[in-house]
Amino acid sequence: MPGIQHHENDDDSDIFAVTAARGFLPVRDPLRRLPTQTTLSTSPPLLFDVLEALGDDLPKLLLCGNATLRQEIETRLNAVVAKTLPSSLSSEVEERLLLLLSFISHAYVWGRSPSSTTTSTVHDCDSIPTPLADLWIEVARRRGRPPILTYSSFNLFNWRRMDKTGPVALGNIACLNNFLGGMDEEWFRCVHIHIEAESVGSLRAMLRYVEESEKLNSSNSTNNSGNRSGIWSSSGKTPLLLSLLEEALSEITICLATIRAVLARMGEGCDPHIYYSRVRQYMSGWRNNPALPHGLLYGKEKEGKTEGGTKEDVKGQKEKAAAGLRERRQYYGETGAQSCILPAVDAFLGIIHEMDSMREYLLEMRDYVPRAHLAFLLRLESLHPSVREIVAQQEDGRQVGRGGERGGKGGTGEREISGAVVEISSDHERTLPTAYDQAVKALARFRALHLHAADTYINKPAESLGTGGSDFRVYLRKHHRDTKAQLLQSRERGSDGVGTEEEDREVGEPGVKV
């Protein structure tokens, strides 16, 4: 279908383009190794070989202790004569570089000190070597993300299939790189990769609807210049569009039920206490982190002023570089909040969350996702009329029909929605609101399980170690309630319109392991 990207075998495409075949996963399986001396005849191959060797050795170096780890990283990088990168590299080579540099840098910073990222004790390492910093900053700039370990490097570009013809699913995937390694770290990551793979069907259906909607709006805007914009009627295509919408809502419901079942398998291979003390530490960043209250110094020369966030002042950067100063930067660490699955579903369904600390944080996470993923989210958010507006009007028509004023089997009519005239039928009046609410309920159920998983893997281990809990549960529960509040059919809600507190605490069927 025009506009949907299918180029899985096009080596010139952005590896993170959103496609009908792969969703948010890379368009080709992640690059397993950087090019070597035999395939690239310029100076970087030596650098590439060193980075790959460090990536391979990280679990062993971490076991040797901080001094050995940091000395080895510095010694090996200093031995590389040419540390500059070619001006042009493929997107998958850049992503592989970003993965390796992120893993090496986070290992250098956090070392073998699991408690330091979860207590108020200031960490013993607040800088990384200049060669490592310069490479990391440059590759991250090319990829449009900050120099920090992100969800894309930690999960999306960090897997391989055991059977190359088999599915991207638990039982057929393994990680390319680890910190300490072991079943718990691998399983935690593979669950997320499987979840991304299972979301493809819903993203494909959303893409079909979005493209047809955009095409129809564009066509009618051209044919009706001077009239109301985005006119859908008189085209004869609105029934097709509403059918695509109903299909997308159904796919979203199926997808959310499926990924909920995958998330529920987390406990099969990842122990909460091992995750908290040996896996989560390496995902930590240096913003709002008491272990590194002033952020991380990117390089070991004289220090310039502290920089926060990801919006860089280019002029100030050049001035500090000319003065031989290094930046102390603050970035959030890797988190599932950098996955675009739930933001995409929220955007498509028109789920609105009130602005609070969590909402501000989630919006800021957009700076950490691949540019193509962000572009897709913005595309969903720009739909006009929105999915929710269309379905709500269908529900309003159905309610009126029940009162005997309109409706009739197979009947059609027109209704204005946000300045657009939408052709409707009584068939869709009956089915669309139900399909929409089923999708919203599936989203609420997934968020309930996610809340339980976060409590199991973060809050409870933290309490058992005496490091204190977190208020994240307040916001996650609020987002769960916000989702349920979007149900169109009031009989599906609790008496207060959003469900009871007991329902908010539900985590699924008895026996579910997370």
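Treat the numbers as computed from the prediction; the structure is a model and nothing was measured.

Peer 1: Looking at this structure, I do not really get the overall build of the protein chain. What am I missing?
Peer 2: When you go through the protein chain residue by residue, the secondary structure sums to 18 helices and 8 strands. For the protein chain, with 514 residues in total, the buried portion stands at 55%. In the protein chain, the share of contacts with a sequence separation of at least 24, taken over all contacts with a separation of at least 6, comes to 74%. Summed over its atoms, the accessible surface of the protein chain is roughly 21600 Å², and 50% of this surface lies on carbon and sulfur atoms.

Peer 1: How do you make sense of the packing of helix 3 (residues 91-110) against helix 4 (residues 130-143) when you look at a structure like this?
Peer 2: Helix-helix packing: each pair is described by the crossing angle between the helix axes and the interaxial distance. Here helix 3 crosses helix 4 at 140°, and the two axes come no closer than 9 Å. The angle between helix 3 and helix 4 falls in the class oblique. Here helix 3 runs over helix 4; the crossing is left-handed. Contact with helix 3, carried on its side by Ser91, Glu94, Glu95, Leu97, Leu98, Leu101, Ser102, Ile104, Ser105 and His106, involves Leu132, Leu135, Trp136, Val139, Ala140, Arg142 and Arg143 of helix 4 and no other residues of that element. Taken together, the residues that form the contact of helix 3 with helix 4 break down as 9 nonpolar, 4 polar and 4 charged.

Peer 1: Sorry, what's going on with unusual backbone geometry here?
Peer 2: The general pattern is negative phi for most residues beyond glycine and trans for most peptide bonds. Residue Pro385 is reached from His384 by a cis peptide bond, and omega for that bond is -10°. Looking at where Pro385 falls in the secondary structure, it is placed in the loop between helix 14 (371-381) and helix 15 (387-402).

Peer 1: I would appreciate a short explanation of the pattern of salt bridges in the present structure.
Peer 2: Once the charged atoms of two side chains with opposite charge are near each other, the side chains can pair. For the structure shown, the criterion picks out 27 salt bridges. Linking Glu95 and Arg143 is a salt bridge whose minimum nitrogen-to-oxygen distance equals 2.8 Å. Taken together, the residues Glu95 in helix 3 and Arg143 in helix 4 connect sequence positions 48 residues apart. In terms of burial, Glu95 and Arg143 fall into one category: buried. Its salt-bridge partner being Arg447, residue Asp346 comes within 2.7 Å of it at the nearest N-O pair. Of this pair, Asp346 sits in helix 12 (residues 341-349) while Arg447 sits in helix 16 (residues 426-464), and the two are 101 residues apart along the sequence. Each member of the pair, Asp346 together with Arg447, is buried.

Peer 1: So what exactly am I meant to see when it comes to the packing of helix 2 (residues 66-78) against helix 3 here?
Peer 2: Interaxial distance between helix 2 and helix 3 falls to 9 Å at its minimum, and their mutual angle equals 140°. Viewed along their axes, helix 2 and helix 3 adopt a mutual orientation that is oblique. Where helix 2 crosses over helix 3, the handedness of that crossing is left-handed. Here Leu69, Arg70, Ile73 and Glu74 of helix 2 come into contact with helix 3, specifically with Ile104, Ala107, Tyr108, Val109 and Trp110.

Peer 1: Please clarify how the pairing of strand 6 (residues 326-330) should be interpreted in this entry.
Peer 2: Side chains on a regular strand alternate between the two faces of the sheet. Counting buried positions along strand 6 yields 5 of 5 residues, so the element is predominantly enclosed. The alternating pattern of strand 6 places Arg326, Arg328 and Gln330 on one face and Glu327 and Arg329 on the opposite face, and all of these are buried. Pairing between strand 4 (residues 296-298) and strand 6: 2 bridges, direction antiparallel. Looking at the pairing, Leu296 lines up with Arg329 of strand 6.

Peer 1: Is there a simple way to think about the packing of aromatic side chains in this case?
Peer 2: Considering all chains together, one arrives at 13 aromatic pairs under this definition. Between Phe103 and Phe179, the ring centres sit 4.4 Å apart and the planes meet at 15°, which makes this aromatic pair stacked. Residue Phe103 is located in helix 3, and its partner Phe179 is located in the loop between strand 3 (173-174) and helix 6 (183-198); the two are separated by 76 residues in the primary sequence. Residue Phe103 is classed as buried on the basis of its relative accessible area, which comes to 1%. The cationic tip of Arg70 hangs over the ring face of Tyr108; the distance from NZ or CZ to the ring centre is 5.8 Å. Lying over the aromatic face of Phe154, Arg189 brings its terminal NZ or CZ to 4.1 Å of the ring centre.

Peer 1: Please clarify how the environment of Glu381 should be interpreted in this entry.
Peer 2: With respect to the element layout, Glu381 can be found in helix 14. Among the residues examined, Glu381 registers a relative accessible area of 38% and is labelled partly exposed. Residues Glu381 and Phe348, spaced 33 residues apart in sequence, show a C-alpha to C-alpha distance of 6.9 Å. In contact with Glu381, other than residues within four places in its own chain, are Ala347 and Arg366. Looking at Glu381, its side chain comes within polar contact range of the side chain of Arg366, at 2.5 Å.

Peer 1: I keep staring at helix 12 and nothing clicks. Help me out?
Peer 2: An α-helix turns once every 3.6 residues. As a result, residues three or four positions apart point the same way. Of all 9 residues making up helix 12, 8 are buried, and the element is well covered by its neighbours. Taken together, the buried positions of helix 12 are Ile341, Leu342, Ala344, Val345, Asp346, Ala347, Phe348 and Leu349. Two residues or fewer past helix 12, Gly350 is found with a positive phi of approximately 75°.

Peer 1: Can you help me understand the side chain of Gln338 in this one?
Peer 2: Relative to the helices and strands, Gln338 resides in the loop between strand 6 and helix 12. The contact partners of Gln338, leaving out residues within four places of it in the chain, are Thr150, Tyr151, Gly333, Met365, Tyr368 and Val369.

Peer 1: Looking at this structure, I do not really get the environment of Arg447. What am I missing?
Peer 2: The exposure class assigned to Arg447 is buried, which follows from its relative accessible area of 9%. Along the chain, Arg447 and His479 lie 32 residues apart, while their C-alpha atoms are 7.8 Å from each other. Engagement of the side chain of Arg447 in a polar contact is seen with the side chain of Asp346, the distance being 2.7 Å.

Peer 1: Help me out: how do you make sense of the confidence of the model for the protein chain in this one?
Peer 2: Should pLDDT be low for a region, the predicted coordinates there are not to be read in detail. The predicted model of the protein chain averages 81 in pLDDT, with 72% of residues at 70 or higher. This stretch, residues 226-236, has a pLDDT under 50; its non-local contacts, to residues over four places away or in other chains, come to 33 contacts. Long-range and interchain partners of residues 493-514, a stretch whose pLDDT sits below 50, account for 50 contacts in this model, where long-range means more than four residues apart.

Cut-off values and rules
Within every chain, residues take consecutive numbers counted from 1 along the sequence as written. Given that the model is predicted, a residue must reach a pLDDT of at least 70 before its local features are reported, and side-chain atom pairs must reach 80 or more before they are shown or counted; all residues, however, enter totals for whole chains, interfaces and linings. With hydrogens and water stripped out, all remaining heavy atoms of the structure feed into the side-chain values. Every helix listed is a DSSP run of H or I at least four residues long, and every strand listed is a run of E at least two residues long, numbered separately from the N terminus. We call a residue buried when its accessible area falls under 20% of the maximum for its residue type, exposed when it is over 50%, and partly exposed in between, using a 1.4 Å probe and counting protein chains only. The criterion used for residue contact is that any of the two residues' heavy atoms lie within 4.5 Å. What sets the accessible areas is the Shrake-Rupley method with a 1.4 Å probe; for residues, cover comes only from the shown protein chains. Each axis is a line fitted through C-alpha atoms, and for a helix only the stretch in contact is used; angles between axes span 0 to 180 degrees, taken between their N-to-C directions. Working rule for angles: under 35 degrees goes down as roughly parallel, over 145 as roughly antiparallel, 65 to 115 as roughly perpendicular, anything else as oblique. Note: crossing handedness is left-handed where the near helix turns anticlockwise from the far helix by less than a right angle, and right-handed where it turns clockwise. Ten residue types, Ala, Val, Leu, Ile, Met, Phe, Trp, Tyr, Cys and Pro, are classed as nonpolar, four, Asp, Glu, Lys and Arg, as charged, and the remainder, Gly among them, as polar. Think of a salt bridge as a Lys or Arg side-chain nitrogen and an Asp or Glu carboxyl oxygen that are within 4 Å of each other. Only strands that DSSP links by at least two bridges are regarded as paired with each other. In this scheme Phe, Tyr and Trp rings, the latter by its six-membered ring, pair at centre separations within 6.5 Å, and the angle between planes marks the pair as stacked below 30 degrees, edge-to-face above 60, and tilted otherwise. Whether a charge lies above a ring is judged from NZ of Lys or CZ of Arg, which has to be within 6 Å of the ring centre and within 35 degrees of the ring normal. Pairs of N or O atoms within 3.5 Å make up the polar contacts considered here, provided that, within protein, one atom can donate a hydrogen while the other can accept it, and that residues adjacent in sequence are counted only when both atoms are side-chain atoms. Within a predicted model, pLDDT stands for the predictor's per-residue confidence, ranging from 0 to 100.

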